[in-house]
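Fold and contact review
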Amino acid sequence: MNRLWLQLTLAFSLVVLVAVGAIAWLINRTTGAEFRQYITHSGMQAAGSGIQQLVEYYQQRGSWAGVDSLLAGGVYVGEPLGRGMPVISPWNRLPGLSARRLDVLLADANGRVVFDSTHQAEGRRLRWRERAQALAISDPDSGQVIGYLVLSLPGSLARLGALEQGFLNRVQRVLFIGAGLAVGLAMGVGALLSHSLTAPLQRLAAAARSVARGELDQQVKIEGSAEIAEVGRAFNEMTAALKAAESQRRNLVADVAHELRTPLTVLQGNLQAILDGVYALDTAEISRLYDETRLLSRLVDDLRELALADAGQLHLDLQPTDLAQVIRDTIETLALVAEAQQVTLTAQLSPEGSLPNVQADPQRVAQVLHNLLINALRHTPAGGSVTVKAHPAGNAVEIAVADTGEGIAPEDVPHIFERFWRADPARARTDRLADGTGLGLSIAQSLVEAHGGRIWVESTPGKGTTFRFTLPLASSP
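In what follows, the accompanying structure is described. Fair warning: this is a prediction, and the values are worked out from it, not measured in the lab. (Residues numbered from 1 in each chain as written. Predicted model: local features only at pLDDT ≥ 70, side-chain atom pairs only at ≥ 80, totals over all residues. Heavy atoms only, no water.)

Right, let's get into the sheet that holds strand S8 (residues 344-348). Taken in spatial order, the 5 strands line up as S8-S10-S11-S13-S12 in an open sheet, and their pairing is mixed. The sheet is open, and its two borders are formed by S8 and strand S12 (455-460), each paired with just one other strand. With direction set aside, neighbouring strand axes in the sheet form an average angle of 15°. Relative to strand S11 (residues 396-403), strand S10 (residues 385-393) is paired through 8 bridges, and the arrangement is antiparallel. Within S11, the position partnered with Val386 by the bridge is Asp403. (Pairing = 2+ DSSP bridges. Helix = DSSP H or I, 4+ residues; strand = E, 2+ residues; numbered from the N terminus. Axes fitted to C-alpha atoms, helices over the stretch in contact; angles between N-to-C directions.)

Written out as structure tokens, the structure is:
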């Protein structure tokens, strides 16, 4: 019972069963009542004398005034004789026949009641249901309707003849058989519809189990209703994201292993050479080993920063920050490095020489600027320049770090913030500390986005590169 297709089938069948059952009951009840009404009117017409007496009465007087005297005797329905219709006796009881008196309504040509055997409806107009059941009384000379006669059956005590009862039984039997066939057909159609609705979900479940086994290339066909199709699209997007994340994870592990292997190999080789007496244990050799340990430390620190950013646990001490001062301090820190490389390092702030405060962590912003400036200095030849610019831009401040280096090829721009990515992977890393860990730009991107800003790059090969990022303004006190 916990299968969705079965529950849908049962629910659909129950709705149809209730609907068809209610309709069948209503039709059966209405058919029986209307058929008995028809038989009654037919019997009245067959008797003939009752209608004729009413016509003669109206012709003699020109109205229905005083018709109570004619109808006071009542109309009776008696037991059927043989296999014929019930005996309708107008205006008096048939002697020796078990009979029940009928209720009588007589209305004029306008539908206004002029006689009611129950004395409850005199003076009002016939209701639409009474008008539908009424027997029209016509003047044989003019052909105009002069009144309406409504006979009310005595409920379940009314009796039909064998032929009439047999006909009514056959109608009811056909009605019940039709209702049963409708319910059966509805159950079959409901089962097919339920299966067609749940089939895409079953395929989704099978694909999800495949993903759980590590088969991340699973994609399902977009089909079914709009809601199920939306689930299918979301599943495909999820598996595509999982596959991309898994590929990135594998590449990261491989890159980390590669980056760690190089300094570790140098350390192990040089230490082994010292132990074997190949290298002398002097200051120069110890300095080289120390540089390798510094590279390892930087790499571990960078990986930790990225791990915290990916987990959403990167701590930020957000506060109103004087961005201009942070820029000046960072440039001053790297002034000697720029001078050693014969590169001009300057800052160009807003025309007034100051910037509005931003809502940021000063140390993290300095870290972003440091990474971007180190990257710019690394790719700017002697005689070139690196410039930091900043200006308000709407609800943020835009900072740009521009250099006059070799630029970035257009095909390399989309990969510039990827971890461990380098435009020339085959380039020898003769100076590892200057070359960096390959994570600086990725860390800068994570820090900027953690502040609610964005970072992007613009570059023209042979003319230089500009990194831009934004930081939100501090709210007014």
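Okay, back to it.
Turning next to the packing of helix H10 (residues 362-378) against helix H12 (residues 440-450). Interhelical geometry of H10 versus H12 gives an angle of 150° and a closest axis separation of 9 Å. Our classification of the angle between H10 and H12 gives roughly antiparallel. Once H10 is placed against H12, the crossing between them reads as left-handed. Two secondary-structure elements touch here, H10 through Arg364, Gln367, Val368, Asn371, Leu372 and Asn375 and H12 through Gly440, Leu441, Ile443, Ala444, Leu447 and Val448. Looking at the contact of H10 with H12 residue by residue, the class counts come to 7 nonpolar, 4 polar and 1 charged. (Parallel < 35°, antiparallel > 145°, perpendicular 65-115°, else oblique. Left-handed = near helix turned anticlockwise from the far one by under 90°. Contact = heavy atoms within 4.5 Å. Nonpolar A, V, L, I, M, F, W, Y, C, P; charged D, E, K, R; others polar.)

Its identity as a non-glycine residue notwithstanding, Gln342 has a phi of 60°, on the positive side. Residue position: Gln342 is located in the loop between helix H9 (335-340) and S8. Using a relative accessible area of 57% as the deciding quantity, one classes Gln342 as exposed. (Buried < 20%, exposed > 50% of the residue type's maximum accessible area, 1.4 Å probe, protein only.)

Taking 1.5 Å per residue as the helical rise, helix H7 (residues 283-310) with its 28 residues ought to reach 40 Å, and the 41 Å between its terminal C-alpha atoms agrees with that figure. With its phi angle positive at about 70°, Gly312 sits one or two positions after the end of H7. (Expected span 1.5 Å × (residues − 1).)

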